[in-house]
There are 4 protein chains.
Amino acid sequence: MKEEVRERAKKVRLLILDVDGVLTDGTIILDGDRGEWKVFHVRDGTGIKMLLEAGIEVALFSGRSSRVVERRAKELGVGHVYQGLRDKVAPYEVLKGLLGLKDEEVCFVGDDILDIPLLQRVGFPIVVADGVEEAKDFALYVTRRRGGRGAVREVCALILRAQGKWRGWDF
Amino acid sequence: MKEEVRERAKKVRLLILDVDGVLTDGTIILDGDRGEWKVFHVRDGTGIKMLLEAGIEVALFSGRSSRVVERRAKELGVGHVYQGLRDKVAPYEVLKGLLGLKDEEVCFVGDDILDIPLLQRVGFPIVVADGVEEAKDFALYVTRRRGGRGAVREVCALILRAQGKWRGWDF
Amino acid sequence: MKEEVRERAKKVRLLILDVDGVLTDGTIILDGDRGEWKVFHVRDGTGIKMLLEAGIEVALFSGRSSRVVERRAKELGVGHVYQGLRDKVAPYEVLKGLLGLKDEEVCFVGDDILDIPLLQRVGFPIVVADGVEEAKDFALYVTRRRGGRGAVREVCALILRAQGKWRGWDF
Amino acid sequence: MKEEVRERAKKVRLLILDVDGVLTDGTIILDGDRGEWKVFHVRDGTGIKMLLEAGIEVALFSGRSSRVVERRAKELGVGHVYQGLRDKVAPYEVLKGLLGLKDEEVCFVGDDILDIPLLQRVGFPIVVADGVEEAKDFALYVTRRRGGRGAVREVCALILRAQGKWRGWDF
């Protein structure tokens with residue numbers, strides 16, 4: 001881990017995750033009626049639970065709006081869920097105020113150009129391996145794993161390691 | 001971007017997309033009853049919305065027929081949807097007349113041999129990375145990303161950049 | 001195309017396809033009730049339709065049993081569907097007799113060891129790219145594309161080309 | 001096959017499989033209601049059936065809890081299913097006692113750090129190709145294939161070959 005990445009990861013007290021393309025693999029599965037499915041990954045979920053158990057806050061910020069997201073959030077114990085967002089900076093300011101945090105204490109993981117304004121704001125901006133190039137230009141760290149395929153898990157482990165909170169799972 | 005590609009992209013006022021294998025990853029997901037699912041991608045959707053906001057028309061031409069396609073079109077704001085087409089040239093001529101466009105103002109993205117007649121007709125013929133070789137022989141541009149996995153997004157960005165309309169998303 | 005492959009492909013009048021892992025990508029998608037989904041590919045379907053239009057028979061031989069298979073067969077116009085087979089040789093002998101064919105006029109595409117007895121019997125035995133090594137040892141041709149991802153399409157094109165019946169789709 | 005791997009595989013009388021990420025590809029597919037889907041693979045299923053027919057016991061140990069797992073277990077004839085486990089060592093001790101086995105007669109396949117305590121206990125610990133590095137450190141064998149994509153099949157074949165029980169499928 002590069003020193004700057006470690007320094008930024010050390011300060012994180014809130015992890016904000018984009019949903020489609022970050023917490024999922026970006027696929028939008030639809031049927032002919034009103035059903036919508038999302039594809040999450042079991043090891044991303046384990047990472048989020050580890051982070052929450054270590055006392056770090058987690059929030060989901062989604063551009064689209066779907067009951068599936070609420071369901072996955074509930075399952076993982078994530079309390080902060082904001083959906084249907086074109087602009088992610090405004091709810092970020094609200095949540096930051098609510099939690100009494102500074103920009104440098106926030107990590108945001110995105111994948112697309114709509115994420116750029118928030119990537120520019122937070123202390124630790126991350127983009128997933130299969131995100132668009134324009135977004136990666138604003139990232140301090142690009143994950144090795146793809147969205148919905150371990151990217152979130154990688155970020156959780158990175159933060160926990162930098163903060164020396166990984167030991168609970170070292171056997 | 002090669003000069004010829006840029007020149008063709010500059011003139012585009014209508015983007016026609018094949019559905020299965022271009023706007024989706026080509027998978028046909030079926031159950032034992034009458035359900036049918038399609039797999040779209042969030043970043044392709046964002047690309048189409050950007051194109052529409054920039055005033056470029058978008059149409060879906062599908063060889064199969066499914067309510068899922070109408071649903072995705074509605075969600076993205078795509079008004080021109082033609083399904084159940086074995087021949088894509090006839091509806092193309094109709095739509096071209098309706099919109100008062102010339103061949104050189106149309107871009108079509110396909111993936112298979114049934115798309116060849118229309119690829120031969122439009123000014124800017126494109127085939128996705130995982131399309132068949134026979135179709136690629138008629139393409140002026142082959143996408144780097146696969147169908148349903150960012151190919152459409154790549155085309156949207158290419159057109160917007162060539163037309164100098166990308167700036168709204170450059171931060 | 002190697003000469004022996006071409007010679008075998010020339011004689012094919014019946015193409016038998018295993019289902020899971022050949023016509024699908026091998027995934028078995030289940031819910032908590034009785035639903036079952038299968039993942040087919042649009043370009044495999046187009047290949048089968050081309051073969052049928054060229055007068056070559058197509059049959060599906062499945063080890064499992066599912067209404068999804070009947071549905072996909074109907075959609076493609078495939079009339080010969082045998083399911084729930086542990087042994088594929090017995091129904092093969094029946095079908096061969098019904099159609100008045102010889103072993104050398106039959107091509108079978110499989111992916112697993114249960115397919116080996118039939119691979120040993122037919123004139124043109126094929127295994128998909130992601131099939132098991134034990135089965136590949138009995139194949140005269142191994143596809144470049146994976147099951148459910150274009151392998152069947154590749155076989156259809158190979159047979160049509162060898163028989164000089166591809167011209168209808170050469171533009 | 002390395003000699004130590006073969007020696008361990010020879011002794012196996014019980015194969016314990018983690019579910020998400022080992023018997024499935026790790027994807028958690030959810031809808032907006034209460035539906036949950038899992039993605040299994042046909043060739044993994046064939047491997048498990050071969051193992052059972054050869055008289056080796058198979059058990060599923062899942063961290064999550066889902067009716068889909070019971071359904072797949074039933075289909076394959078797997079009688080030992082333990083779900084909703086945070087700790088996998090306690091049920092392991094129970095099952096081991098029930099079957100009258102020693103640690104060295106058990107193989108466990110995992111993918112994540114929660115699997116480490118059980119990986120440390122059994123005689124033949126295995127981690128799938130796409131498992132996390134921390135878990136791989138405790139594996140005697142890492143599969144070539146990924147979870148839900150043939151990893152389980154590879155393990156079944158490895159055990160049967162080491163025990164000289166593969167011959168039923170060698171033609």
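In this text, all values refer to a predicted model and were calculated from it rather than measured experimentally.

Draft legend 1. Geometry of the sheet that holds strand β3 (residues 36-41) of chain A. Strand order in this closed barrel of eight strands is β2(A)-β3(A)-β2(D)-β3(D)-β2(C)-β3(C)-β2(B)-β3(B), and the pairing throughout is antiparallel. With direction set aside, neighbouring strand axes in the sheet form an average angle of 30°. Bridge count for strand β2 (residues 27-30) of chain A against strand β3 (residues 36-41) of chain B is four bridges, and the pairing is antiparallel. Across the sheet, the residue bridging to T27(A) is H41(B), located in β3(B).

Draft legend 2. Structural view of the pattern of salt bridges. Per the stated rule, a full pass over the model turns up 96 salt bridges over all chains. Here R67(B) and D33(A) are joined by a salt bridge, their closest N and O atoms 3.0 Å apart. Taken together, the residues span two chains, with R67(B) in helix α4 (residues 67-76) and D33(A) in the loop between β2 and β3. Residue D33(A) is classed as partly exposed on the basis of its relative accessible area, which comes to 48%. Among the salt bridges present, the one from K96(C) reaches D103(C), with a minimum N-O distance of 2.7 Å.

Draft legend 3. Quick look at the relation of the copies chain D and chain C. Of the transformation superimposing chain D on chain C, the axial component is 0.0 Å and the angular component is 90°, with the fit at an RMSD of 0.0 Å. The transformation relating the two chain copies, once decomposed into turn and shift, fits a four-fold axis. In this assembly, only 9% of the residues forming the interface of chain D have copies in chain C that are likewise at the interface, indicating a heterologous arrangement.

Draft legend 4. Focus on the interface of chain D and chain C. Contacts between the two partners involve 23 residues from chain D and, on the opposite side, 29 residues from chain C. In total, about 2,300 Å² of surface goes out of reach between chain D and chain C, with carbon and sulfur atoms giving 50% of it. Among the secondary structure elements, those contributing two or more residues to the side of chain D that touches chain C are β3 (36-41), α3 (42-53), α4 (67-76) and α8 (151-162) of chain D. If one sorts the elements of the side of chain D that touches chain C by residue count, β3(D) sits on top with six residues. The residue inventory of the side of chain D that touches chain C, partitioned by class, reads nine nonpolar, two polar and twelve charged.

Draft legend 5. Region of interest: the packing of helix α3 (residues 42-53) of chain B against α4(B). Residue and element names in this part refer to chain B. It is the contact of α3 with α4, at a shortest axis distance of 10 Å, that shows an interaxial angle of 55°. Accordingly, the angle class assigned to the pair α3 and α4 is oblique. Contact with α3, carried on its side by G45, I48, K49 and L52, involves R72, E75 and L76 of α4 and no other residues of that element. Residue composition of the contact of α3 with α4, grouped by class: three nonpolar, one polar and three charged.

Draft legend 6. Representation of the pairing of β3(D) in the model. All names here are of chain D. Burial analysis of β3 places six of its six residues in the buried class, the great majority of the element. Strand direction decides the pairing type here: strand β2 (residues 27-30) and β3, joined by two bridges, are antiparallel. Looking at β3, one finds that I29 is bridged to W37. Following β2, the chain reverses through five residues before pairing antiparallel with β3.

Draft legend 7. Spotlight on the packing of helix α1 (residues 3-10) of chain A against helix α8 (residues 151-162) of chain A. All names here are of chain A. It is the contact of α1 with α8, at a shortest axis distance of 8 Å, that shows an interaxial angle of 85°. Between α1 and α8, the interaxial angle falls into the category roughly perpendicular. Within the contact between the two elements, α1 uses V5, R6, A9 and K10 and α8 uses L158, I159 and A162.

Draft legend 8. The side chain of E36(D), seen in detail. All names here are of chain D. Checked against the element boundaries, E36 lands in strand β3. Exposure remark for E36: the relative accessible area of 12% places this residue in the buried category. A distance of 3.2 Å separates a polar atom in the side chain of E36 from a polar atom in the side chain of K38. A polar contact is formed between the side chain of E36 and the side chain of R64, at a distance of 2.7 Å.

Quick notes on the rules
- Numbering of residues starts from 1 in each chain and follows the order in which that chain's sequence is written.
- Chains carry letters and ligands carry numbers; both start at the beginning, A for chains and 1 for ligands, and go up in the order they are written.
- Only residues with pLDDT of at least 70 get local features here, since the model is predicted, and only at 80 or more are side-chain atom pairs given and counted; chain-wide, interface and lining totals rely on the full set of residues.
- In computing side-chain properties, one takes all heavy atoms of the structure into account and sets aside hydrogens as well as water.
- The pairing criterion for strands is at least two bridges between them, as found by DSSP.
- Helix and strand labels come from DSSP, where a helix needs a run of H or I of at least four residues and a strand needs a run of E of at least two; each type is numbered from the N terminus.
- Lines are fitted to the C-alpha atoms to define the axes, a helix being fitted only along its stretch in contact, and any angle between axes, read from their N-to-C directions, falls within 0 to 180 degrees.
- By definition here, a salt bridge exists when the distance from a side-chain nitrogen of Lys or Arg to a carboxyl oxygen of Asp or Glu is within 4 Å.
- Exposure is judged per residue with a 1.4 Å probe applied to protein chains only, and the accessible area is read against the type maximum: over 50% gives exposed, under 20% gives buried, and values in between give partly exposed.
- Residues reaching a pLDDT of at least 70 in both copies supply the C-alpha atoms on which the copies are superposed by least squares.
- Contact criterion: two residues are considered in contact whenever any of their non-hydrogen atoms come within 4.5 Å of each other.
- Buried area adds together the accessible area that both of two parts lose upon being put together, with accessible area traced by a 1.4 Å probe.
- Three classes are used, and their members are as follows: Ala, Val, Leu, Ile, Met, Phe, Trp, Tyr, Cys and Pro are nonpolar, Asp, Glu, Lys and Arg are charged, and the others, Gly among them, are polar.
- These descriptions rest on fixed angle ranges, namely under 35 degrees for roughly parallel, over 145 for roughly antiparallel, 65 to 115 for roughly perpendicular, and the rest for oblique.
- Polar contacts, as counted here, are pairs of nitrogen or oxygen atoms within 3.5 Å of one another; within protein the pair requires one atom able to donate a hydrogen and one able to accept it, and residues that are adjacent in sequence qualify only if both atoms are side-chain atoms.

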